[in-house]
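Chain and residue survey
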Amino acid sequence: MADGALLLLQAAADSTRAYGDFPVIGARAFVWITAEVHLMFAAFVLGVPMFAVVTEAIGIFGGDERYDRLSKEFTRLLLVAYSATAIWGAMLVFGLSTLYPRFWAYLTAIFAPSMWVYAALFFVESFTLYLYYYGWDRWKKGRAKLGHWTLGILLNVWGTVVMFIANSWLTYMMSPPRDITPTTDPTTIKLWHAIANATWMPINVHRVIANVVFGGAIVGAYASYRFLAAKSDEERAHYDWMGYVGNFIAMSALIVLPFAGYWLGREIYQYDQSMGITMMGGFMSWLWVIQAFLIAVLFLTGNYYLWIGMGRIPGAERFRPYTKWLLIILVLGAIVWGTPHTMIADSKELAAMGGSHHPLLGALGVMSAKNTAVNLMILTTFLSFLLYRRANTRPVVPWARTGTIIQGAMFAIAAGIVLFYGIRGYFVEAIVRIGFSVYQVLAVLACIVCVTVIDILMARGAQSLGAIRWGKMPPRSQYALFILAVTFTWLMGLMGFARSGIRQYWHVWQVMQDTSKYAATPALGYASKMISLCVLIFLCLVAFVFWIGGLAEKSTFVASGAGNEAAGKGARHVGH
Amino acid sequence: MWATNLKIVGVVLGTLALYTLIANEIPQVQSEVPQTLTLGANVTPEQLVAAGEKVFNGIGGCTTCHGLGTRAPNLLTDEKGTGQIGVRCGKREPGKSCKQYLFESLDNPTAYVVPGYQPIMPVMTKQLSPEQVWAVIAFLESQGGTVDVTASDIPATSTTSSTSTTGGGGGGGGLAGGSTDPKAIIQAAGCLACHKLDGQGQVIAPDLTHVGARRSAESIRKKILDPASSIAKGYEKLAGIMPKTFGAMLNAAQLEALAQYLAAHK
């Protein structure tokens, strides 16, 4: 750096107003709330179009118009949600530029060109959405319909690129390239060098999957509300089916989300071990116990919804006795996963405990046990789906018995591999043990893929044991969908806190220090209150979006004599 | 429908309340901002030990791995029959005193990995201020040994820190009270903890006695600001050891004085 530039930078650093403050709640809380709620809406407007374009495709290629109407119903909600996303985004930008001006100037010095691209793409995305929604009834048939569907795909492409751009800003804060120092003039940093930082792609992948989960969960909550408010059996059947579809999508994507999270965690460790240790073993160690509790709630509630749903499927009573065993595995898995391992504690607390690990539970808190537990929970949830899927059918292919035996053997082999490496992990070095988790994950994924392929082939021409009685669900099943939506949203807030909090008192890790009065990273108690507040604001606004959407246009549900049957037929495309 | 709405609100609020309650029931640990630890010239061993214990149990994050557990060597009680850290530290490396060994193991942890453990420890001289580092050393010596850290150790061998609450962003008045005397800067920045210059200092990093013959002032300036920009031949394995925070600690005049001084060492 030239001497003059260095002097100028230092002079600017010394004289520019670095921080502002916000009345009553303070600068940090203001930025926290605006960023969090903006992010939740952003996830909503990115997740739901994925859902919409898939259901529209099912409608086009499957010939079932119900899917088309479902897709339109959600796109209508997007219009209002887009405005909310933009408003909260603008509040965030104003917050950053007025409350953290020096930091904001630093970021814009590096990322200004990408910010203009971001704004331009947001325009393009918005106009694509308008065309997609308002052209729905105009481009309804033939090639025009395919063109309309292409608009839906483009909507997803623009949205994903917009997200990737924003992700580069926040991942740069976490993991700036190593050659960038506190004295590096930000205007000299190459844009792509800053964008392609160590955690950018893992966050991109993680967020794409998480948005699918989130979109599915919100769709499920919307459907459950409409189910509870339904005035006829047909309407109830329609929204019961919609809730099932939303939950199916959310849970399916949730199964692969931990693997993306694992990749992100590994990249963080590789980038900076001290950051990784802060995250997993430092002041944030208790956060993972809370996360484990939330994941346990998700798995248990998701499975519970499926098990209740079996009550509306003729033939499902064959599988009901198995559910208690599935429940036992899930509960045991959740307990092991939630067992604390390395807790930050002072010397007196450690001495009182007799070590940094509990003498009895310490053995369950290590990664060998936790990875084993979570993989078995994923296998169990997949088995629940499989039983649900097969509930009202009896395969007629001649090799049905052999196929079922092979499927059973695949489950047994996958569980055996998971257990084998879980136990063996106690007897090897940590570096070898970490590698074992890859084998466990591969065994589970291979089982899921192979068993699904066999099941699809085996279901050809299967004998039906009766139509699914859509709508014949007790109200408690719908409250389960609400719990899932709230928990997914809360979990998103918690993980956001973890990702952002591991930077501790740095705006940009080891490059730009936070010297404001809010530099300390708060404890989980405070963070949980902030998260709950953000979730509440988001849910209230989403409820408003749903309500206003209902005012603008009535539900796309159309009563028909074949309501249950049509819904039943439709569900085959996703879960059946 | 009102009853249903109320039930939904109840489920949502109940779920949020449950998660908030659980998160508030667990131990609350806030990540503190490292404060500049000011130790006067007359600091006593007891004051150093007390300050060090606070750092060890707090912002140092040492207990995460070094408590009584198995992730890293036990620093508070006996470690596999070798005694407490204050007893065994002087025997770990032949010819190195206890405080010398402890400082170097904080400054360059990967060079002193105890057999059976992984090289996971971060460079603590990058995380903590020199005062904090020496306070921790005093605390560790007090675990079964004799505390011989004094105030004179701190400016003499400290390497670096970016943890002052007023640092960051390229500002600051500079080390050594802003002095432009290169020798004062070198002493305050702790360059000699790794480099040798005019017969003084360590040989962990390249000897700077004739650095001017190898590098121009511009190259030296760049190397100080961005240590990863070039690595001296034969020292590739030590890449990343040199702190990249000197740019934040020196003012422009100091940086220029230091670069010119070293460039003159032909």
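Here is what the cut-offs are and how they apply
Going along each chain's sequence as written, the residues are numbered from 1 onward. Lettering for chains starts from A, numbering for ligands starts from 1, and both go in the order in which the items are written. The model is predicted, so local features are restricted to residues of pLDDT at least 70 and side-chain atom pairs to those at 80 or more, both for listing and for counting; the totals for chains, interfaces and linings are taken over all residues. Here a strand is any run of E in DSSP of at least two residues, a helix any run of H or I of at least four, and the numbering for each starts at the N terminus. Any residue with 12 or fewer other C-beta atoms within 10 Å of its own C-beta is exposed, any with 20 or more is buried, and the rest are partly exposed; the C-beta atoms used are placed from the backbone. By definition, residues are in contact whenever their C-beta atoms, placed on the basis of the backbone, come within 7 Å of each other. Domain start and stop points were drawn from an automatic or database domain assignment. Polarity classes work like this: nonpolar for Ala, Val, Leu, Ile, Met, Phe, Trp, Tyr, Cys and Pro, charged for Asp, Glu, Lys and Arg, and polar for all others, with Gly in that last group. pLDDT: the predictor's confidence for each residue, scored from 0 to 100. Axis geometry follows a simple rule: fit a line to the C-alpha atoms, using only the stretch in contact for helices, then measure angles between N-to-C directions, giving values from 0 to 180 degrees. Under this scheme an angle from 65 to 115 degrees is roughly perpendicular, one under 35 degrees roughly parallel, and one over 145 degrees roughly antiparallel; angles in between are oblique. Helix crossings get a hand from a simple test, with the near helix turned counterclockwise from the far one by less than a right angle marking a left-handed crossing and a clockwise turn marking a right-handed one.

Looking now at the overall build of chain A. Helix and strand counts for chain A come out as 18 helices and four strands. Within chain A, the proportion of its 576 residues that are buried is 49%. In chain A, 85% of the contacts between residues at least 6 apart in sequence involve partners at least 24 apart.

Residue and element names in this part refer to chain A. Splitting chain A by domain gives domain 1 (24–319 + 465–571) and domain 2 (320–343 + 360–390 + 393–464). Computed from C-alpha coordinates alone, the two centres of domain 1 and domain 2 are separated by 27 Å. Taken residue by residue, the interface counts 25 residues in domain 1 and 24 residues in domain 2. The element best represented in the side of domain 1 that touches domain 2 is helix 10 (residues 285–309), accounting for 14 residues. Among the residues making up the side of domain 1 that touches domain 2, the classes are represented as 18 nonpolar, six polar and one charged.

Residues and elements named next belong to chain B. Structurally, glycine 90 can be placed in the loop between helix 4 (85–88) and helix 5 (98–107). For glycine 90, a count of 17 C-beta atoms within 10 Å gives the class partly exposed. Taking the C-alpha atoms as reference, glycine 90 lies 16 Å from leucine 76; in sequence the two are 14 residues apart. Contacts of glycine 90, omitting those with residues within four sequence positions, involve Ser97 and Cys98.

Moving on: the confidence of the model for chain A. Residues and elements named next belong to chain A. Confidence along chain A averages 86 in pLDDT terms, with 87% of residues attaining 70 or more. Per-element mean pLDDT across chain A ranges from 42 in helix 18 (residues 563–571) up to 96 in helix 6 (residues 191–195). Here residues 1–15 is a poorly scored stretch, pLDDT under 50, and it has 21 contacts once near neighbours within four places are set aside; other chains count. Note on residues 561–576: pLDDT is under 50 here. Beyond four places in sequence and across chains, it has 39 contacts.

All names here are of chain A. Contact geometry of helix 10 with helix 16 (residues 475–501) gives a least axis separation of 9 Å together with a crossing angle of 155°. By the angle between their axes, helix 10 is roughly antiparallel relative to helix 16. For the pair helix 10 and helix 16, the crossing hand works out as left-handed. Mapping the contact onto sequence places Leu287, Ile290, Gln291, Leu294, Val297, Leu298, Thr301, Gly302, Tyr304, Tyr305, Ile308 and Gly309 in helix 10 and Ser477, Ala480, Leu481, Ile483, Leu484, Thr487, Trp490, Leu491, Leu494 and Ala498 in helix 16. When the residues that make up the contact of helix 10 with helix 16 are grouped by side-chain class, the tally is 16 nonpolar, six polar and no charged.

Time to look at unusual backbone geometry. Residue and element names in this part refer to chain A. At valine 24, a position not held by glycine, the phi torsion is positive, near 65°. Along the chain, the position of valine 24 falls in the loop between helix 1 (3–15) and helix 2 (26–62). Despite not being glycine, glutamine 504 has its phi angle at roughly 50°, a positive value. Structurally, glutamine 504 is set in the loop between helix 16 and strand 3 (506–508). Judged by C-beta crowding, with 22 C-beta atoms within 10 Å, glutamine 504 ranks as buried.

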